[in-house]
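Residue-level structural notes
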Amino acid sequence: MVDGNGWALLTSGDAVDSEGQITRKYPWQPDRPAIVTCYLTDAEWRLKDLKGHHTVYNLPTEKATYRRRAYGEVLERLDLMVDYLPVVHVPNTIPDAGEHWGRPIFAGVLQALDELSATDTDSAASSATTGAPVVAVSGARMPVNRTTGQPEPVILRAGSVVQLADGGSMEGGV
């Protein structure tokens, strides 16, 4: 909630820290004050009102039509009193038969999150190959597993050093 000047009003559990940030203690994390809270705004804009530099990233608040709850509360910067983005799944189910039908309303969001996660994983895998070049060692004996008699795999990490025998070399070329 904000006052008439747009300043945030403190609610139960809120405090102002030494840097002037509002912190809040949530019941699920009472020993660690959070500086994050989630807000709900439900608004619509008419395309003809979006002119010039306005995009979906900087919609003009003065042109918005805000939705209201049944009892009249305007859904603009409504403090959800949580520090995470809640996701609630209500399946399309016929109660008596228990059969699922249709597609959940947030299926598209889940697909986007799944793709974002996959992209992040792909980026990490790509970075791993970039940061761990192929290394060939000549003139050195690799450690041997005493049980199997087979060479032990050499694990190379950032900062790894492979000692070569006298006269050994590592030459690279493209």
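Residues numbered from 1 in each chain as written. Predicted model: local features only at pLDDT ≥ 70, side-chain atom pairs only at ≥ 80, totals over all residues. Heavy atoms only, no water.

So, on to the overall build of the chain. Within the chain, the secondary structure is distributed over 1 helix and 9 strands. Sequence-ordered secondary structure for the chain, helices as α and strands as β, is β-β-β-β-β-β-β-β-β-α. For the chain, with 174 residues in total, the buried portion stands at 9%. Long-range pairs, those at least 24 residues apart, make up 38% of the contacts in the chain between residues at least 6 apart in sequence. When the accessible surface of the chain is totalled, it reaches about 14800 Å², and 56% of it is carbon and sulfur. (Helix = DSSP H or I, 4+ residues; strand = E, 2+ residues; numbered from the N terminus. Buried < 20%, exposed > 50% of the residue type's maximum accessible area, 1.4 Å probe, protein only. Contact = heavy atoms within 4.5 Å. Areas by Shrake-Rupley, 256 points an atom, 1.4 Å probe, with all protein chains shown as cover.)

The next point concerns the packing of aromatic side chains. Applying the stated rule across the entire model yields 2 aromatic pairs. Ring centres of Y26 and W28 lie 4.9 Å apart, and the angle between their planes is 15°; on these two criteria the pair is classed as stacked. When its relative accessible area of 4% is taken as the criterion, Y26 is described as buried. Its relative accessible area of 42% is what places W28 among the partly exposed residues. Each ring, one from W28 and one from Y84, has its centre 5.6 Å from the other, and the planes form 70°; the classification is edge-to-face. Taken together, the positions of W28 in the loop between β2 (22-26) and β3 (29-34) and Y84 in the loop between β7 (78-79) and β8 (93-94) put the pair 56 residues apart, joining distant regions of the chain. Classification of Y84 as partly exposed rests on a relative accessible area of 41%. (Phe/Tyr/Trp six-rings, centres within 6.5 Å; stacked < 30°, edge-to-face > 60°.)

Within the open sheet, the 3 strands sit side by side as β1-β2-β3. Their pairing is antiparallel. Lying at the two open borders of the sheet, with one neighbouring strand each, are β1 (14-16) and β3. Across the sheet, the mean angle from the axis of one strand to that of its neighbour is 25°, orientation sign disregarded. (Pairing = 2+ DSSP bridges. Axes fitted to C-alpha atoms, helices over the stretch in contact; angles between N-to-C directions.)

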